[in-house]
Amino acid sequence: MSTPHVTEQSTAALIARFLKARGVDRVFALCGGHIMPIWMRLDAEGIRIVDVRDERAAVYMAHAHAELTGGLGVAMVTAGPGVTNAMTGIANAHVARAPVLVLSGTPPRAQENRGALQDMIHTEFVRPLTRYARTVREPDLALQELDEAVARALGHGGEPGPAYLDFPVDTLRAPVSAAVQLPELMAPRQVRRVLPDPESVAQAVELLWSAKRPLVISGRGARGAAGPLRELLDRTGALYLDTGESRGLVGDDHPSVVAAMRGSVMGEADVIVTLGRRLDFQLAYGSPAIFGDAKFVRIADCAAELRDNRRGAAEVLATVSAALEAMLAAAGDRKPATDRGWADGVRSKHQVRADKLIQSMANAAPGSDGLMHPNKLLAALRDALPRDAVVVADGGDFLSFARVGLPAQTYLDPGSLGCIGIGTPFGIAASLARLDQTVVVATGDGSFGFNAMEIDTAARHKAPVLIVVANNGSWAIEVRDQQETHGKVVGTRLQFADHAAMARGFGLHAERVERAEDLPAAIERAMANRPALLDVLVTPEAASSDAKSGLAWVPDLQALGAWDTAERAWRDGEAG
């Protein structure tokens, strides 16, 4: 039997040339017949294929690659279950607004709607999760569809996020007319800076420079604005909170950083500046019950981060760096009204709490089961990791410890979708993108299980990642909620599985660590022999801040129990 040949004039070859022209040097993928023409042409063009064990991991890796390189992440999955498996990754990129292009295939056009293998209309179920979703049946339209999909993914003129294209296999094999292969459709596009309207800049300056207790909160949109952001904080004396979307933009030693006072400072500030950040559940939806009478200044390059939940007294639609630069220029030598006594007092309390946390982590007592506290593990990692390490934190209960216990200049986590299981795929992609930096994945055992097979991908591709599994044998937040709320634990306990044995089976350096005193040497050996995995037994008795907050029992009005109580009191007071 002869197999149809995929020529250099084919749609598949054009796709590969397009991606190469756009600077794509790797594609995260899982093979299948419906995408094999693209697969082979990618290889012919010298584009590296990082082949994975599950399609959602391919999209997770493309997501992390995009976040760390500032460019486009590309995933390729086969038809039918390949696409359905990928949907969780697409959903996470959608919520995180990550620029990812997902490519797939469909049966040949002559077999459409006849019960062909893996014949599904993928676009119908990926469309709500993407900025663009098309099936390209005509070879001569492939190039313009690719150009449009990438533009949508990168947020040119709108909100960034995943875009999706699929192609019937016969379309992939068919030739594309030379006449439609226009050079301008192949050419890379510069990132466009959206400049702010001067009037909105003036309004923002007036509010911020008049504020006595200003607070700046950054998100995804602020990632390219580290320089002007630090200058704004220096000039105004405003206090600062980052979020998982923008961690590392401002160093922990900066006098504006007050992360340990997050709850109280949100209620004390009189002007809140959001930089490319939605007011989602992590920020109490901007509710007056939490933020009081504070006025908002919203700055973002897309509408989703400009006016959700609370409208700003000033709203600046612009690239965040451009907006901040314009504000600094417009303010000139104007002296800010910031109450320095208030700001210094909050910072001082923050420092006391932060120092206390570091001390308590190192001295955290074991549980009654004799197993170490999760903070003991994190303290050992703090001591061992270089300052510029890339940290990927994953989990439910363990994430609550890790996000405050592990400092990071570059940080990734499950994001506001709460998409646990991203740890190992994110870490693999990060370690391949940042070969000159240490990449560590700090994950709970439950979350690790979602994509544990990707340790095979790490081994085969020699991804120099360190995976540290905090193994407490349970879904700890849910166990605690069931114990306290329902008096019975049902289906939320795991076993203390030997993840190190599994990792060794796939060729990783791996150790199981049961005693805190063995951690420093084990971490040192693992760092020297990456890819590596440490399976560290920790007590399930440790109560994380998320376990105590009410997050598990899902309050009616707010994400956290204390916020829910405040929201109810505020609404009752307004009604009265």
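Above this note sits the structure.
Residues numbered from 1 in each chain as written. Predicted model: local features only at pLDDT ≥ 70, side-chain atom pairs only at ≥ 80, totals over all residues. Heavy atoms only, no water.

Chemist: Hey, could you go over the sheet that holds strand β10 (residues 295–300) for me, with residue numbers and the actual values?
Modeler: As summarised here, the arrangement of the five strands in space is β8-β7-β9-β10-β11, forming an open sheet in which the pairing is parallel. The open sheet is flanked by β8 (239–241) and β11 (314–317), the only strands paired with a single partner. Averaged over all pairs of adjacent strands, the angle between strand axes in this sheet comes to 15°, irrespective of strand direction. When strand β7 (residues 214–218) meets β8, the two strands line up parallel, connected through three bridges. In the sheet register, V216 faces β8, and the bridge partner there is Y240. (Pairing = 2+ DSSP bridges. Helix = DSSP H or I, 4+ residues; strand = E, 2+ residues; numbered from the N terminus. Axes fitted to C-alpha atoms, helices over the stretch in contact; angles between N-to-C directions.)

Chemist: Explain unusual backbone geometry residue by residue, including any values.
Modeler: For the bond from R530 to P531, the omega torsion is 5°, close enough to zero to count as cis. Along the chain, the position of P531 falls in the loop between α22 (519–528) and β17 (532–537). The phi dihedral of R97 is positive, around 60°, even though this residue is not glycine. Along the chain, the position of R97 falls in the loop between α4 (81–96) and β4 (100–106). Judged by its relative accessible area of 4%, R97 is buried. (Buried < 20%, exposed > 50% of the residue type's maximum accessible area, 1.4 Å probe, protein only.)

Chemist: Quick one: what's the story with the side chain of H122, residue by residue and with numbers?
Modeler: Along the chain, the position of H122 falls in helix α5 (residues 122–126). Here D166 takes part through its side chain, which lies 3.0 Å from a polar atom of the side chain of H122. Among all residues touching H122, those that are not within four sequence positions of it are A79, G80, V83, S104, G105, T106, Y164 and D166. (Polar contact = N/O pair within 3.5 Å; in protein donor to acceptor, adjacent residues only side chain to side chain. Contact = heavy atoms within 4.5 Å.)

Chemist: Now, about the packing of helix α1 (residues 11–21) against helix α2 (residues 36–44): what can you tell me, with residues and values included?
Modeler: Packed helix pairs are characterised by how far apart their axes lie and by the angle those axes make with each other. At their nearest, the axes of α1 and α2 sit 8 Å apart, and the two run at 45° to each other. Here α2 runs oblique to α1, going by the angle between their axes. α1 and α2 meet at a crossing whose hand is right-handed. Mapping the contact onto sequence places A12, A13, I15, A16 and L19 in α1 and P37, I38, R41 and L42 in α2. (Parallel < 35°, antiparallel > 145°, perpendicular 65-115°, else oblique. Left-handed = near helix turned anticlockwise from the far one by under 90°.)

Chemist: Quick one: what's the story with the pairing of strand β9 (residues 271–275), residue by residue and with numbers?
Modeler: Here β9 lies mainly inside the structure; five of its five residues are buried. Burial along β9 is two-sided: V271, V273 and L275 facing one way and I272 and T274 facing the other are all buried. Across five bridges, the pairing between β7 and β9 is parallel. Residue P214 lies in a different strand from β9, and its bridge partner there is V271. Relative to β10, β9 runs parallel, the two being bridged by five bridges.

Chemist: Any chance you could break down the environment of A458 for me, citing the residues and the numbers?
Modeler: Mapped onto the elements, A458 comes out in helix α19 (residues 454–460). Taking the relative accessible area as the measure of exposure, A458 reaches 0% and is therefore buried. Placed 333 residues apart in sequence, A458 and F125 show a C-alpha to C-alpha distance of 31 Å. Not counting residues up to four positions away in its chain, the partners in contact with A458 are I428, A463, V465 and P531.

Chemist: Account for the sheet that holds strand β3 (residues 73–76), naming residues and giving values.
Modeler: Spatially, β2-β1-β3-β4-β6-β5 is the arrangement adopted by the six strands of the open sheet, whose pairing is parallel. The open sheet has two edge strands, β2 (48–51) and β5 (132–135), and neither has a second partner. Strand-to-strand twist across the sheet, computed as the mean angle between neighbouring axes with direction ignored, equals 20°. Note: strand β1 (residues 26–29) against β3, two bridges, orientation parallel. Bridged to A29 within β3 is M76.

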